[in-house]
Amino acid sequence: LKPGISGSHFATLLYGGFVSIALIVFVNIGQPYILLENLKMDSAEGTVTGSLAVAAEITALLTIGYIGVLADRIGRKPLIVFGTLVLAIGYFLMPLVTTIMALVLIRIVLAVGTTAETAMISTILHDYAAEKARGKMLAIVGILMGIGAVLMNVIVGNLPERFIARGVDAITAGQYMHWIVVAICLISAVIFWIGFKPGTPVSEEDRLPQLELMRRALLEAKKPRIALAYVASFVSRSDLVILGTFIVLWGTVAGRDQGMDTAEAVASGVRLFAITQMAGLLCSPVLGFVTDRINRVSGLAIGSLLGAVGYSSMFFVTDPADNAFLPLFILLGIGQTACNLSAQA
């Protein structure tokens, strides 16, 4: 840890890594359920899901720069708490939608929350980690993110099936699932407010105007390694969005095609996503260890290669519900994690 970072600050970061990714990936569980059960779609789910992802990513593009500037001006803590509360609002409203347009608006709201949350977790991690241990810190937080994503999928993703088994109707079961996640958001916001270090990286008299901060961030791209980091984040973000957006949907639609009800089909899709996250979780320690022992650019090349292999392997999957293809989904999880971790390092 860097000087001035206490054990409680670090413990809050570990919890933040664990819960933030769980809250962010939940949209990929809840959204297919809403499309199939609340909106009664039986075709074009992929097209709608892609459009929703575009709306979310455009929102992220429009807000991420300003969130970064605010983080240097008002501090990291207020923004991560803000992001978590925005997620609570979005997830509360999501199971109440009755139209695609309403779902688009809620995805935009959620995108603001997820952008603040992911940006601040990454920023706080680099604030807290000593330079020589950054790879290990990324690996530790990455493991907890993997555990959080898996638990969110395995436990929360299967809740509608359990509620329906107890006599609750399908739409109400979906609402209960979302509102349990709302409670997790509210509890997490309190923990973040208490546990993260307050303040900003620089004193008030040293703060630069917002436009000057943005200008300097762009000028930093003149440095080759900084430019490479910017491009690497472009690639790793794309990997994360594609996997998170479509793996659950792919498994869900395949399950419906085989005659499952919506709750069972979503559980089938969640299983695929959980497998990719478990694979990433298990390889994170190795990736973190290697990243701290080789040139970071070489690490990025290796991570990108693994990502390319993992995503290319999906060409050979003819039935995502067939267990024979699970090794390819494991390879996908390793590739996505390698690409993301090496880009951050």
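Residues numbered from 1 in each chain as written. Predicted model: local features only at pLDDT ≥ 70, side-chain atom pairs only at ≥ 80, totals over all residues. Heavy atoms only, no water.

A. Spatial organisation of the nonpolar core. Core analysis: the largest hydrophobic core is formed by 76 residues, its most contacted members being L13, Y91, M152 and F329. With ten residues, the single largest contributor to this core is helix α5 (residues 100-128). Every residue in contact with F329, bar those within four places of it in the chain, is listed here: I247, W250, L272, I275, T276, M314, V317 and P320. (Core = buried A, V, L, I, M, F, W, Y, C linked by side-chain atoms within 4.5 Å. Buried < 20%, exposed > 50% of the residue type's maximum accessible area, 1.4 Å probe, protein only. Helix = DSSP H or I, 4+ residues; strand = E, 2+ residues; numbered from the N terminus. Contact = heavy atoms within 4.5 Å.)

B. View of helix α11 (residues 262-291). Counted at 1.5 Å a residue, the expected span for α11 with its 30 residues is 44 Å, and the 42 Å between its end C-alpha atoms agrees. Maximum bend of α11: about 40 degrees, positioned at C283, with proline P285 one to four residues after it. Counting buried positions along α11 gives 22 out of 30 residues, so the element sits mostly inside the fold. Its side-chain oxygen 3.3 Å from the backbone nitrogen of A263, D261 forms the N-cap of α11. (Expected span 1.5 Å × (residues − 1). Bend = angle between axes of the 7 residues up to and from the residue. Polar contact = N/O pair within 3.5 Å; in protein donor to acceptor, adjacent residues only side chain to side chain.)

C. The side chain of R107, seen in detail. Tracing the backbone through its elements, the reader meets R107 in helix α5. The side chain of R107 is buried and forms no salt bridge, while E57, the nearest opposite charge, is found at 5.9 Å. The residues touching R107, leaving out its near neighbours within four places in the chain, are V27, Q31, L52, A53 and A56. (Lys, Arg positive; Asp, Glu negative; His and termini not counted. Salt bridge = Lys/Arg side-chain N within 4 Å of Asp/Glu carboxyl O.)

D. Representation of unusual backbone geometry within the structure. Phi is positive for K40, which is not a glycine, with a value near 55 degrees. Turning to its location among the elements, K40 is positioned in the loop between α2 (27-38) and α3 (45-74). Its relative accessible area of 54% is what places K40 among the exposed residues.

E. Structural detail: the pattern of salt bridges. For the structure shown, the criterion picks out six salt bridges. Salt-bridge contacts for E37 lead to K40; the nearest nitrogen and oxygen are separated by 3.2 Å. Residue E37 is classed as buried on the basis of its relative accessible area, which comes to 13%. Between E212 and R215 there is a salt bridge, with the nearest N and O atoms lying 2.9 Å from each other. Here E212 pairs with R215, and both are found in helix α9 (residues 210-219), just three residues apart, close to one helical turn.

F. Looking closely at the environment of I29. Here I29 is to be found in helix α2. A relative accessible area of 0% means that I29 is categorised as buried. Taking the C-alpha atoms as reference points, I29 and V266, separated by 237 residues in sequence, lie 7.1 Å from one another. With residues up to four places along the chain from it excluded, the contact list for I29 reads M152, N153, G157, M177, V248, V266 and V270.

G. Geometry of the packing of helix α12 (residues 296-312) against helix α13 (residues 326-344). Taken N-terminus to C-terminus, the directions of α12 and α13 make an angle of 150 degrees; their axes are 7 Å apart at the nearest point. On the basis of their axis angle, the class for α12 and α13 is roughly antiparallel. α12 and α13 meet at a crossing whose hand is left-handed. Residues G299, L300, G303, S304, L306, G307, V309, G310 and Y311 of α12 pack against L331, L332, G335, Q336, A338, C339, S342 and A343 of α13. Here the residues of the contact of α12 with α13 are counted per class, giving nine nonpolar, eight polar and no charged. (Axes fitted to C-alpha atoms, helices over the stretch in contact; angles between N-to-C directions. Parallel < 35°, antiparallel > 145°, perpendicular 65-115°, else oblique. Left-handed = near helix turned anticlockwise from the far one by under 90°. Nonpolar A, V, L, I, M, F, W, Y, C, P; charged D, E, K, R; others polar.)

H. Molecular detail of helix α4 (residues 76-93). The end-to-end C-alpha distance of α4, which contains 18 residues, comes to 26 Å, matching closely the 26 Å that a straight helix rising 1.5 Å per residue would cover. In this structure, the buried side of α4 is in contact with α1 (7-25), α2, α3, α5 and α8 (170-195).

I. Quick peek at the confidence of the model for the protein chain. Of the residues in the protein chain, 98% reach a pLDDT of 70 or more, and the chain-wide mean stands at 87. No element of the protein chain has a lower mean pLDDT than α9, which averages 80, and none a higher one than α4, which averages 96. (pLDDT = per-residue confidence, 0-100.)

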